[in-house]
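# Observations on the three-dimensional arrangement
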Amino acid sequence: PTAIWHYAQGLAAVRQGRLNDARAHLLGLAKTSADPVWEQAYIGPQHPLSGTLRIAERVLAGELAAARHDYPEALTALAQGVALEDALAYFEPPVWHQPVRQTLGAVQLAAGQAAAAEASYRQDLERFRDNGWSLLGLAQSLRAQNRTVEAEAIEQRQRDAWTHADLKPASSRM
């Protein structure tokens with residue numbers, strides 16, 4: 001619980017622009033998640049908590065770097081998070097709560113890498129078909145590349161995905 005608390009508090013601090021606080025929570029998460037006890041604690045029969053905590057640490061590191069506009073560092077951290085998530089065995093519900101590619105794609109867009117973001121969203125949609133967040137990001141990445149007709153088709157799929165939602169997201173990352 002302490003490690004995930006640091007993750008949640010760190011993300012909240014990033015979103016509020018309290019980057020020094022976010023950095024402190026990242027350090028707390030890294031320290032807590034480095035404890036070897038997490039190799040022996042499992043989610044289901046196949047997933048040591050250490051894997052989940054490593055993903056959390058990489059996502060928070062990426063979000064913090066992105067908030068500082070250090071896109072090379074952010075993209076590296078998030079790519080590592082994607083690799084960690086991909087290494088997890090299938091489990092239902094998924095062990096990690098939000099596909100890391102959604103965050104990676106949003107940061108790629110912010111970094112001006114629309115084609116790379118498109119690839120990230122398409123890869124995510126291969127795993128999680130009709131994921132509304134990834135459809136949104138894919139449409140945004142296509143628009144950033146001036147591919148309007150393709151974007152409009154994806155936007156229709158996105159609207160369908162969010163038909164019954166109370167709120168519609170503005171970004172693929174939470």
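These notes cover the structure that comes with them.

Calculation rules
- Residues numbered from 1 in each chain as written.
- Predicted model: local features only at pLDDT ≥ 70, side-chain atom pairs only at ≥ 80, totals over all residues.
- Heavy atoms only, no water.
- Helix = DSSP H or I, 4+ residues; strand = E, 2+ residues; numbered from the N terminus.
- Rg over C-alpha atoms; globule rule 2.2 N^0.38 Å.
- Buried < 20%, exposed > 50% of the residue type's maximum accessible area, 1.4 Å probe, protein only.
- Polar contact = N/O pair within 3.5 Å; in protein donor to acceptor, adjacent residues only side chain to side chain.
- Contact = heavy atoms within 4.5 Å.
- Axes fitted to C-alpha atoms, helices over the stretch in contact; angles between N-to-C directions.
- Parallel < 35°, antiparallel > 145°, perpendicular 65-115°, else oblique.
- Left-handed = near helix turned anticlockwise from the far one by under 90°.
- Expected span 1.5 Å × (residues − 1).
- Salt bridge = Lys/Arg side-chain N within 4 Å of Asp/Glu carboxyl O.

With that out of the way, let us pick up the overall build of the chain. Within the chain, the secondary structure is distributed over 8 helices and 2 strands. The secondary structure elements of the chain, listed N-terminal to C-terminal, are α-α-β-β-α-α-α-α-α-α. Over its C-alpha atoms the chain spans a radius of gyration of 16 Å, differing by no more than 12% from the 16 Å that the globule rule assigns to 174 residues. Counting only C-alpha atoms, the chain reaches 50 × 35 × 30 Å along its principal axes. Burial status across the chain gives 43% buried among its 174 residues.

Moving on, we get to the side chain of Ser172. Position of Ser172 relative to the elements: it lies in the segment after helix H8 (148-161). Residue Ser172 is classed as buried on the basis of its relative accessible area of 0%. A polar side-chain atom of Ser172 sits 2.6 Å from a polar atom in the side chain of Tyr121. Beyond its immediate sequence surroundings of up to four residues, Ser172 is in contact with Gln98, Gln102, Ala106, Tyr121, Trp133, Leu136 and Gly137.

This part covers unusual backbone geometry. Geometrically, the link from Glu92 to Pro93 is a cis peptide bond, its omega value of -5 degrees lying close to zero. Look at His69: it is not a glycine, yet its phi comes out positive at around 65 degrees. As for its position among the elements, His69 is in the loop between helix H3 (49-67) and helix H4 (71-87). For Asp130, which is not glycine, the phi torsion reads 60 degrees and is therefore positive.

For the rest of this paragraph, the subject is the packing of helix H1 (residues 2-15) against helix H2 (residues 19-33). Helix-helix packing: each pair is described by the crossing angle between the helix axes and the interaxial distance. It is at 8 Å that the axes of H1 and H2 come closest, and there the two elements cross at 160 degrees. Comparing the axis directions of H1 and H2 gives the class roughly antiparallel. Like other packed secondary-structure pairs, H1 and H2 cross with a definite hand, here left-handed. Touching Thr2, Ala3, Trp5, His6, Tyr7, Gln9, Gly10, Ala13 and Val14 of H1 are Leu19, Asp21, Ala22, His25, Gly28, Leu29 and Thr32, all from H2.

The end-to-end C-alpha distance of H3 is 27 Å, a good match for the 27 Å that 19 residues give at a rise of 1.5 Å each. The element H3 is largely enclosed, with a buried count of 16 among its 19 residues.

Taken as a whole and judged by the stated rule, the model has 15 salt bridges. The shortest N-O distance in the salt bridge between Asp86 and Arg127 comes to 2.4 Å. Remark: Arg127 occurs in helix H6 (residues 114-127) and Asp86 occurs in helix H4; sequence separation between them is 41 residues.

Moving on to helix H7 (residues 132-144). Along its 13 residues, H7 runs 18 Å from first to last C-alpha, staying within 8% of the 18 Å computed at 1.5 Å per residue. Those residues of H7 lying buried are Gly132, Ser134, Leu135, Leu136, Gly137, Leu138, Ala139, Ser141 and Leu142. Among the structural elements, helix H5 (100-110), H6 and H8 are those in contact with the buried residues of H7. Of the residues flanking the start of H7, the one acting as N-cap is Asn131, its side-chain oxygen 2.9 Å from the backbone nitrogen of Trp133. Once H7 ends, the next one or two residues include Asn146, with phi positive near 60 degrees.

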